[in-house]
Amino acid sequence: MAIITTDSLSYADVAAAVASASSGDTVILPAGTATWNSTLSINKALDIYGAGIGLTNILNGQASTSAYCIAITVPDADVENPFRIHGMSIDGQWNGCGIYISRAYSASLGWVLAKNIRIYNIKFIECKSRAIEWGLLALGLVDNCTFYDCWQSGGVYGAFWRSWDQSIIPLSLGSEYAVYFEDNTIIITGTIGVETVISGGQGGRYVFRHNTINWLADQNLYMQICDAHGNQAVIDATTDPSSASSTGNHRGTVFTEIYENTITQTTSFTRGLRFFYHRGGISIVFNNTLNLYAGISLDWTMYEEDGPGRFSWLETWPGYDGIYNTYCWNNLRNTTEIVPEPTSSSAAFIQEDRDYFLLNDSFDGSSGIGVGLLAARPSSGLATASGHVDTWLTANYPNDSGGRNHPGGGVGYFATDAGPQGTLYRATDSSTWETYYTPYTYPHPLRDIEFEPDAYINENMSVDDTTANTYTSPPSFGAPSRFTRANY
């Protein structure tokens, strides 16, 4: 495996180095600042890194909000091999985007996953519309990055109906079968509008965990932290979901896991905040902390997109790729538990103790979720809810886990002493529990797979620097006391 150092940070020199490299090689970018007017395409497994955040600075000079600085397309030969990009700053200049990752259909292999991709130790600055976007059947990890005033920090989108096909990608919570965002820092200064921190749809699935969001000042835009699109096209015999021309290709989010994140409002203002806009799929949401001033409005909305008020395709439960088997507990606004609320038009489609379950401080097995030691879990009188089978989809696409297939749910119990991060159990009948969810290994195993030549860079440098936007957080929130924008 060769180590290639580019002659400069210019697009031409970096593109030439990438073209000359073979799969498994390392490409080192020097310190400096360069504007790239074209997208750097990477179609081989490389380790690409710069001299560090604020030292290697790439500015997106493309005049398009959909143009990325770097685009990774995973080829057949490298579906199992590691892709790494790290040690730099990428500035969208409030026009372009950062990095796009995808794994497309292969004529020889078919739909095969690529899940050994890691993006880390990068500062994304003023990217529009997304700093990072994942598409089709690419999965992996984004960690230890800083997102500074990006319209969206991340977007996770799948391969439409194929991402619901369990013969291609299992519906497996707490597993490697998702895109992970962990241990990142998101900074919102209010200077330009931030719309959403992370979004998903079209068969996407993501885990958003152990991230820190610092909201420094008001902005002229209502902001949401997490978003999960629902289905946005009919799925039935007249719009075959496997047809390339079918509108049924626009599927909902398969699942989201959102936990152990901290959101801190650092000055007093009244702009509203949406914690989660949940419109489809399973979601596990727990142990999130929102440190907010009293004057700010906060909502956590559940919405059925197939029902009245949106596309109006359906009038009765269940919706296509709708919300089901969702569990939420220990999510705090300062010291008060916050809970989701379905919109009035979605009331028939999304119901508590059928589709979603909430923390019950007096849990006895009859409703909601209990939290505590495994020995304290009740053993009888457990409540369950009936599901629904999409007969057309099951007959025609038996591996499709979505559509109007809604497996029945049951009350939950999160045992804090079962495993290193706890385990969520779900009732299957009045006296039986099954293991439903265990958080995936933390830190993510991909963080243990690295290759870096010795003594070239120290990427563990602080992303805090000495320029503007220093602030002091309210001491009662217990948030980090200082955060600044790095020089570049």
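Residues numbered from 1 in each chain as written. Predicted model: local features only at pLDDT ≥ 70, side-chain atom pairs only at ≥ 80, totals over all residues. Heavy atoms only, no water.

Caption draft 1: Summary view of the pattern of salt bridges. Inspection of the entire model under this criterion finds 15 salt bridges. The shortest N-O distance in the salt bridge between D227 and R279 comes to 2.7 Å. With a gap of 52 residues between them, D227 in strand β20 (residues 223-228) and R279 in the loop between β23 (273-278) and β24 (282-286) connect regions that are remote in the sequence. Given the relative accessible area of 8%, R279 is considered buried. The salt bridge partner of E305 is R310, with a shortest N-O separation of 3.0 Å. For E305, a relative accessible area of 0% puts it in the buried group. One continuous salt-bridge network, built from bridges that share partners, spans R118, D143, E182, D183, R209 and R447. (Salt bridge = Lys/Arg side-chain N within 4 Å of Asp/Glu carboxyl O. Helix = DSSP H or I, 4+ residues; strand = E, 2+ residues; numbered from the N terminus. Buried < 20%, exposed > 50% of the residue type's maximum accessible area, 1.4 Å probe, protein only.)

Caption draft 2: Looking closely at the pairing of strand β8 (residues 83-91). Of all 9 residues that make up β8, 9 are buried, and the element is covered over most of its length. One ladder, built from 3 bridges, connects strand β5 (residues 47-49) with β8; its direction is parallel. If you follow I48 over to β8, its bridge partner there is I85. Note: strand β6 (residues 56-60) against β8, 3 bridges, orientation parallel. Of the residues in β8, the one forming a bridge with I58 is I90. By the bridge criterion, 8 bridges tie β8 to strand β10 (residues 114-125) in an arrangement that is parallel. (Pairing = 2+ DSSP bridges.)

Caption draft 3: Structural context of unusual backbone geometry. Looking along the chain, the bond that leaves K128 and enters S129 is cis, with omega of 15 degrees. Looking along the chain, the bond that leaves Y442 and enters P443 is cis, with omega of -5 degrees. Tracing the chain through its elements places P443 in the segment after β35 (432-437). Despite not being glycine, N121 shows a phi value in the positive range, around 50 degrees. By secondary structure assignment, the location of N121 is in strand β10. Of the residues examined, N121 reaches a relative accessible area of 12% and is grouped as buried. The backbone phi angle of D321 is positive, close to 50 degrees, even though this residue is not glycine. Take D321: it is sitting in the loop between β26 (298-302) and β27 (326-329). Given the relative accessible area of 1%, D321 is considered buried.

Caption draft 4: Structural detail: the packing of aromatic side chains. This structure, assessed with the given rule, holds 19 aromatic pairs. An aromatic cluster of at least three residues, connected via ring pairs, comprises Y259, F286, W329, F414 and Y437. The ring of Y425 carries the charged tip of R377 above its face, separated from the ring centre by 4.7 Å. The ring of Y320 carries the charged tip of R404 above its face, separated from the ring centre by 6.0 Å. (Phe/Tyr/Trp six-rings, centres within 6.5 Å; stacked < 30°, edge-to-face > 60°. Lys NZ or Arg CZ within 6 Å of the ring centre and 35° of its normal.)

Any functional reading would require information that these geometric values do not contain.
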